[in-house]
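Listed here are the chains, written in short residue letters.
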Amino acid sequence: MTELKSDPAAVFAVEDDLLPPVNETRRFFRVLFSRKIVVFGAAIIFITIVCALFANGIAPFEPNKQDLKNVLAAPDFTHWLGTDAIGRDLLSRIIHGTRVALLIGVGTVVISAILGSVIGLVAGYASGFLQAIIMRATDALMALPPIMLALLISAILGGGVRGVMIAVAVSLLPGYIRLIAGQVLSLKENDYIMAERSMGASRTRIMFRHLLPNCMSPLIVQMTMMMGLAILTEASLSFLSLGIIPPTPAWGAMVYDGYRFLLRNPLLSIAPGLSIMLLVFAFNMVGDGLRDALDPRLRGAL
Amino acid sequence: MVAYIVRRMLHACVVVLLVSILIFIIIRLLPGDPIIMLLNQSTGVSFTAEQIEDLRHQFGLDKPIPVQYKDWILDVLRGDFGISIINRYNIGAEIAKKLPVTLCLGLTSFVIGLIIGPILGVISAVRRGKAVDTLVTIAANIGITAPQFWVGILLIFLFGLKLGWLPIYGYTLPWEDFVMSVKQSVMPVVVLAMFPVASSARQMRSSMIEVMHEDYIRTAWAKGLKEKAVIIRHAVKNSLIPVVTLQGLLLRNIVGGSVIVETVFVIPGMGKFMIDSMLAHDYTVVQACAFIMILVVVISNLIVDLSYGWLDPRIRYD
């Protein structure tokens, strides 16, 4: 007995044989929610989704209904957070603002992940001229601060939900191309790719059936992390009045509108800003948790 | 080494050229014809179609886009950014006034990030799991997720309006009125440095924790070195490398953040200049601003890359 204990490897070997097979799904969720902060993040995301889906039912007022007799009202029991400069209920506008935030966050990340993966796969797998062109162009785009690229494109498209979506998606694209191309460059040296090639599999089959599935873990983690960045970029564009067009409730634009009335009702600026921060924080924390649950080796790399 | 520097510089030139072409094309696509905008401003005066064509010709807007680009880039290389179509000022002269403002704020924030970030990271890693660590980790997460414009507004509300300690807008260059400059810089620099400090601290913490498990650290402890010596001479030096890699990204972020910070604090720098020109549909100015800002990013990245070899002699230049 004492002999066994002195050799830890032997103890583990015995226990490994006795343990029942691990349920992968259960292990995934156990690791994912092992930290309280990840549970907190997931709860915030869940509440945001509920708010976005049932905004009409949850919000006490119409988000765009003006009440000119009751402008800049202080918080009270009818208007929990007060009203803005043209008498719109702040709380209702924040609740409706979840729609734009989630739509832009999820939409841009999905668009740029799909486009970025395809371009990255090609760049990583192809060699020579095509690879050089894609990688140089990506380098060039990486030199631009993402917010500037998004600003320029949003200005061209004239803002609005669609314009902002394209602008933010393009600004996120270089990151995905780099990530996937880098993964593919190391993956394609593996023996199983060589085996597949020697069996005469087509390039498309190798790229989509073998390389892409192996890039999935880092891709999913990157997508969750980018969700926060996308929401931040959208808010910044809207704050600079080059994003979502006014009557649509968007948190960034609300911070800007409230800026002029800081002394009358600071909540007008503070509350929507806090919502942005909470949601971005939530996505980053869940991204962290996903990384640990999917592939702990990525720690530090992403 | 020399060959490496030359190669890196050539690469930087290619990047600048590529991005300038991209920006040029994007800006040609911007809505609103500047000539029409200009004419709309001069109310009461009517222009004939001929005069409009004349103006278009004067600004070279009637030529094909590749030719326009060639003319523009050749002028830029000579230091001539042309004149603003809308307001008729010399763009180069205006940039010369605004660039120092952005550089002062950006550089201060960058240096603060470079010093405070790693220090916080080291403290947090050394006291892992203690209250300090939790505090730093939470602060770093806030620094990464809080929208810059919102933090700026909070600072204005608290220190500008409620307490009245700091001026809430404007900027004075340090060599004009140092005290005023410092007062006006505090809040913008805090907002700009927030992200770099937070990211550097996080990166430093995780690489420190990794390095502390290395064999050479155990050897250092075993030799009987003091904690200070082990941490500073052995662990910190080796964990700094990924933090330096991160600096290129942070510089890019500071340049991008200047657009927002300068708008919030009404600072006459490059960022505000660019946003104002964008809202006024002033093509030539947006183009020049974007070009200068990319140049700043590329040059500073070049410096970061080259400083690598100095920090880590293991890196080979081939």
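Just so it is clear, the model here is predicted, and its values are computed rather than measured.

What counts as what
- Residues numbered from 1 in each chain as written.
- Chains lettered and ligands numbered in written order.
- Predicted model: local features only at pLDDT ≥ 70, side-chain atom pairs only at ≥ 80, totals over all residues.
- Heavy atoms only, no water.
- Helix = DSSP H or I, 4+ residues; strand = E, 2+ residues; numbered from the N terminus.
- Rg over C-alpha atoms; globule rule 2.2 N^0.38 Å.
- Contact = heavy atoms within 4.5 Å.
- Areas by Shrake-Rupley, 256 points an atom, 1.4 Å probe, with all protein chains shown as cover.
- Lys, Arg positive; Asp, Glu negative; His and termini not counted.
- Charge placed at Lys NZ, Arg CZ, Asp CG, Glu CD.
- Core = buried A, V, L, I, M, F, W, Y, C linked by side-chain atoms within 4.5 Å.
- Buried < 20%, exposed > 50% of the residue type's maximum accessible area, 1.4 Å probe, protein only.
- Domains from an automatic or database assignment.
- Salt bridge = Lys/Arg side-chain N within 4 Å of Asp/Glu carboxyl O.
- Buried area = accessible area lost by both parts, 1.4 Å probe.
- Polar contact = N/O pair within 3.5 Å; in protein donor to acceptor, adjacent residues only side chain to side chain.
- Axes fitted to C-alpha atoms, helices over the stretch in contact; angles between N-to-C directions.
- Parallel < 35°, antiparallel > 145°, perpendicular 65-115°, else oblique.
- Left-handed = near helix turned anticlockwise from the far one by under 90°.
- Nonpolar A, V, L, I, M, F, W, Y, C, P; charged D, E, K, R; others polar.
- Expected span 1.5 Å × (residues − 1).
- Bend = angle between axes of the 7 residues up to and from the residue.

Undergrad: Talk me through the overall build of chain A; I want residue IDs and the actual numbers.
TA: Check the secondary structure of chain A and you find 13 helices and zero strands. Going from N to C terminus, chain A has its helices and strands arranged as α-α-α-α-α-α-α-α-α-α-α-α-α. What you see for chain A is a C-alpha radius of gyration of 24 Å, clearly larger than the 19 Å of a compact globule of 302 residues, by over 25%. Each principal axis of the C-alpha atoms in chain A carries an extent, and together these give about 80 × 60 × 30 Å. The long-range share in chain A, meaning contacts at least 24 apart out of those at least 6 apart in sequence, stands at 72%. Surface summary for chain A: the accessible area is close to 14,800 Å², and the carbon and sulfur share equals 66%. A gap of 7 Å separates the mean positions of the 24 positive and 20 negative side-chain charges of chain A.

Undergrad: Talk me through the nonpolar core; I want residue IDs and the actual numbers.
TA: Leu 151, Leu 211 and Ile 276 of chain A together with Phe 149 of chain B are the most contacted members of the largest nonpolar core, which totals 142 residues. Of the residues forming this core, the biggest block, 15 residues, is contributed by helix α12 (residues 283–311) of chain B. Looking at this core, you find at least three residues from each of domain 1 (2–77) and domain 2 (96–311) of chain B. Here Ile 276 of chain A is in contact with Ile 231, Leu 232, Ala 235, Trp 251, Gly 252 and Val 255 of chain A together with Pro 147 and Phe 149 of chain B, once residues within four sequence places are set aside. If you look at the next biggest cluster of nonpolar residues, it comprises 13 residues, including Ile 209, Val 211, Ile 231 and Ala 235 of chain B.

Undergrad: For the pattern of salt bridges, give the residues involved together with the corresponding values.
TA: Applying the stated criterion to the full structure yields ten salt bridges over all chains. Across the pair Asp 139 of chain A and Arg 178 of chain A runs a salt bridge whose closest N-O atoms are separated by 2.6 Å. Taken together, the residues Asp 139 of chain A in helix α7 (residues 129–143) and Arg 178 of chain A in helix α9 (residues 160–187) connect sequence positions 39 residues apart. The class of Asp 139 of chain A is buried, set by a relative accessible area of 13%. Its salt-bridge partner being Lys 97 of chain B, residue Glu 94 of chain B comes within 3.7 Å of it at the nearest N-O pair. In this pair, Glu 94 of chain B and Lys 97 of chain B are both assigned in helix α5 (residues 91–126), three residues apart and thus about one turn of the helix distant. Given a relative accessible area of 56%, Lys 97 of chain B falls into the exposed group. Salt bridges linked by common partners bring Arg 136, Asp 139 and Arg 178 of chain A together as one network.

Undergrad: I'd like a description of the interface of chain A and chain B, backed by residues and values.
TA: Across the boundary between the two partners, chain A contributes 39 residues, which contact 41 residues of chain B. Contact between chain A and chain B buries roughly 3,700 Å² in total, counting both sides, with carbon and sulfur atoms accounting for 83%. Put simply, chain A and chain B have zero salt bridges between them. Inspection of the chain A/chain B interface yields four residue pairs in polar contact (both at pLDDT 80 or more). Where the side of chain A that touches chain B is concerned, the elements lending two or more residues are α7, α8 (146–157), α11 (203–239), α12 (251–259) and α13 (267–294) of chain A.

Undergrad: Just give me the short version of the packing of helix α6 (residues 131–145) of chain B against helix α8 (residues 178–211) of chain B, but keep the residues and values in it.
TA: When two helices pack together, their arrangement is given by the angle between their axes and by how far apart the axes lie. All names here are of chain B. Running from N to C, α6 and α8 point in directions that differ by 135°, and their axes come no closer than 8 Å. With respect to α8, the axis of α6 lies oblique. Regarding α6 and α8, the two cross each other, and that crossing is left-handed. Contact residues: Asp 133, Thr 137, Ala 140, Asn 141, Gly 143 and Ile 144 in α6; Met 194, Phe 195, Ala 198, Ser 199, Arg 202 and Arg 205 in α8. Across the contact of α6 with α8, the residue classes break down as five nonpolar, four polar and three charged.

Undergrad: Give a description of helix α7 (residues 148–162) of chain B that names residues and reports values.
TA: Between the first and last C-alpha of α7 of chain B there are 20 Å, a value that for 15 residues agrees with the 21 Å anticipated at 1.5 Å per step. Along α7 of chain B, the sharpest kink reaches roughly 30°, centred on Ile 156 of chain B. For α7 of chain B, the complete set of buried residues consists of Gln 148, Phe 149, Trp 150, Val 151, Gly 152, Ile 153, Leu 155, Ile 156, Phe 157 and Gly 160 of chain B. Buried positions along α7 of chain B lie against α11, α12 and α13 of chain A together with α8 and α10 (227–264) of chain B. Gly 164 of chain B occupies a position one or two residues after α7 of chain B and carries a positive phi of about 65°.

Undergrad: Give me the domain arrangement of chain B: which residues, what numbers.
TA: Many analyses report the size of an interface as the accessible area lost when the parts associate. Residue and element names in this part refer to chain B. Under the domain assignment, chain B is made up of domain 1 (2–77) and domain 2 (96–311). Summarising the inter-unit geometry, the C-alpha centres of domain 1 and domain 2 are found 33 Å apart. Both faces considered, domain 1 and domain 2 share a buried interface measuring about 1,700 Å² in area, 78% of it formed by carbon and sulfur atoms. When the buried surface of domain 1 facing domain 2 is broken down by residue, Arg 8, Val 16 and Ile 27 rank first, second and third, together holding 27% of it. Taken together, the connections running from domain 1 to domain 2 amount to zero salt bridges. Linking domain 1 with domain 2 are zero residue pairs in polar contact (both at pLDDT 80 or more), by the criterion used here. Looking at the side of domain 1 that touches domain 2, the elements that each hand over two or more residues are α1 (2–28), α2 (34–41) and α4 (65–77).

Undergrad: Report on unusual backbone geometry, specifying residues and quantitative values.
TA: Even without glycine at this site, Ser 241 of chain A takes up a positive phi of about 55°. Here Ser 241 of chain A lies in the loop between α11 and α12. The exposure class of Ser 241 of chain A is partly exposed, given its relative accessible area of 45%. The phi torsion at Val 266 of chain B lies on the positive side, around 45°, for a residue other than glycine. Examined against the element boundaries, Val 266 of chain B turns out to sit in the loop between α10 and α11 (270–279). Judged by relative accessible area, which is 41%, Val 266 of chain B ranks as partly exposed.

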